Every structure is written in structure tokens, then in C-alpha cells.
Amino acid sequence: MNIKNNQRTRLSKMLLRNSLMDLLSEKGSIGKVSVRELCERAELNRSTFYAHYNEPKDLLLELEDELLNSAGEHLKKIGNEKDIGAHKYILSFLKYIRANDKPFRTLLIDSADPEFRSKFMKRSIIQFIRNFDMVFPKETEPYIFSYVLNGSTGVIVQWIRSSYSTDENTVCNLLFAINCRALNSLALYQDTELKTYI
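This one's a predicted model, so the numbers in the text were calculated from it and none came from an experiment.

Structurally, Arg 17 can be placed in helix α1 (residues 2-27). Separated by 45 residues in sequence, Arg 17 and Glu 62 place their C-alpha atoms 9.1 Å apart. If sequence neighbours within four positions are ignored, Arg 17 has contacts with Leu 59, Glu 62, Leu 63 and Glu 66.

In C-alpha cells:
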């Protein structure tokens, strides 16, 4: 009996998550999604929704947490591989995004939630920077991370928006070249006059 309830709960939550992603794609904001619409789309009763959530935002937060955790596990796994290197790390990350298009498209583009985008990219891109094993001055480090983070996010969001019109190897090479050049330049000149400008 308990197994049946667990399966029913998992199925209900999956139907609600899929419905939420579809509605966010259509409406662009969680504030425009109602419980009634969610339940109609999922073909579930409102009582089923309220058994798990108080409002659609709760479902969105659960979806965000699940994606952050699963992406974090994936990145942790590839980060533990011997000699993974920054290039392979980015390529694996891009392949993961493409393989999980619907939740990434929904949460990075359709939901227009910059807070999630920032959280997600911080967790992933910061690890990429750490793979370079460079040390920057404490007073400028946040600016450097912000530059790499926002630039990389922009490239990845554009890639998703284009429905992956460019293959992941090309995008990987672009991200790698831009970020390597910027980080290496900073590392080379951090003790010279350049330091006064950053």
C-alpha cells in the first residue's frame, strides 16, 4: 500500500512539474500560472496539488532545487575524474544541459528568474574557474568571477535560445578561449599596472 502511495505521489509530482514547465514556456512568469491551470494541464484535482504545495511558486522552487542538485552531482562526478581538465569539464557540462533541455530551458530562459540563473551558474562556472588553479587578489576576485560568470551565462543562454544551432564542441571552444584568455591575462598582469585598473 505504501509503495503504491509513493508511486502515485511521484507520478503526480512529475505531471505537475511537466505542466509547470509547459505553462512557464507559454506565460514566461510564475506569477501568471494558477493552481487551476496547473491541475487542468496535469489532469489532476486541486486537492492533489495542495497535498504537496501551497502555491505554484513552491513547485517551481522544488524544480529548481532538483535541477541544482542533479547538475551539482553531475559536475561533482566529472570533477572527480582524473585529469578531466577545464575543456572536458565545460564540454561535459554543455552536453548535460543539452540532454536535459526542458528543465534548463524552462528555468534559465522561460521562467525569467535571474536568481535561479545566478545560483545555477555560480555553482557550475566557479568550479570551472577553480580548475585553472589561479589565485587572484581578494579585492578583485569577486569582479573577476562576476565577469566570467555573466559572460559564460550569456553564451550558454544564447546557445539554448538558438535551440543548440551550434554544436557543443564549438560553444565549448568559444567559452574556453574567451575565459582562458581573460583569466590568463589577469594572472600574467595581476602584479603589474593592470592591477590598478581592476
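For the structure shown, the criterion picks out 4 aromatic pairs. Centroid distance Tyr 96 to Phe 104: 5.9 Å. Interplanar angle 80°. Geometry classified as edge-to-face. By the ring-pair criterion, three or more aromatic residues cluster together here, those being Phe 49, Tyr 50 and Tyr 53.

With 21 residues, helix α8 (residues 141-161) should reach 30 Å at 1.5 Å per residue; the first-to-last C-alpha distance of 30 Å fits that figure. All of the buried residues in α8 are Ile 144, Phe 145, Val 148, Leu 149, Ser 152, Thr 153, Ile 156, Val 157, Trp 159 and Ile 160. Positioned one or two residues after α8, Ser 163 has a phi angle of 55°, which is positive.

What follows deals with unusual backbone geometry. Its identity as a non-glycine residue notwithstanding, Glu 43 has a phi of 60°, on the positive side. Overall, Glu 43 belongs to the exposed group, its relative accessible area being 73%. A positive phi angle is found at Ser 163, which is not glycine, with a value near 55°. Examined against the element boundaries, Ser 163 turns out to sit in the loop between α8 and α9 (168-189).

So, about the nonpolar core. Within soluble globular proteins, side chains that are nonpolar tend to cluster in buried spots. Core analysis: the biggest nonpolar cluster contains 43 residues, and Leu 20, Phe 104 and Phe 120 have the highest contact counts within it. The set of elements that each furnish at least two residues to this core consists of α1, α2 (35-42), α4 (56-79), α5 (85-99), α6 (101-110), α7 (114-131), α8 and α9. Each residue touching Leu 20, except ones within four places of it in the same chain, is listed here: Ile 30, Val 33, Leu 38, Leu 59, Leu 60 and Leu 63.

Among the structural elements, Asn 45 can be located in the loop between α2 and α3 (46-52). Residue classification places Asn 45 among the exposed positions, given a relative accessible area of 54%.

This part takes up the pattern of salt bridges. Enumeration according to the criterion identifies 9 salt bridges in this entry. The shortest N-O distance in the salt bridge between Lys 13 and Glu 62 comes to 3.3 Å. Of this pair, Lys 13 sits in helix α1 while Glu 62 sits in helix α4, and the two are 49 residues apart along the sequence. Here Glu 40 and Arg 36 are joined by a salt bridge, their closest N and O atoms 3.2 Å apart. Here Glu 40 and its partner Arg 36 are both found in helix α2, 4 residues apart, which amounts to about one turn of the helix.

Parameters and conventions
Residues numbered from 1 in each chain as written. Predicted model: local features only at pLDDT ≥ 70, side-chain atom pairs only at ≥ 80, totals over all residues. Heavy atoms only, no water. Helix = DSSP H or I, 4+ residues; strand = E, 2+ residues; numbered from the N terminus. Contact = heavy atoms within 4.5 Å. Phe/Tyr/Trp six-rings, centres within 6.5 Å; stacked < 30°, edge-to-face > 60°. Expected span 1.5 Å × (residues − 1). Buried < 20%, exposed > 50% of the residue type's maximum accessible area, 1.4 Å probe, protein only. Core = buried A, V, L, I, M, F, W, Y, C linked by side-chain atoms within 4.5 Å. Salt bridge = Lys/Arg side-chain N within 4 Å of Asp/Glu carboxyl O.

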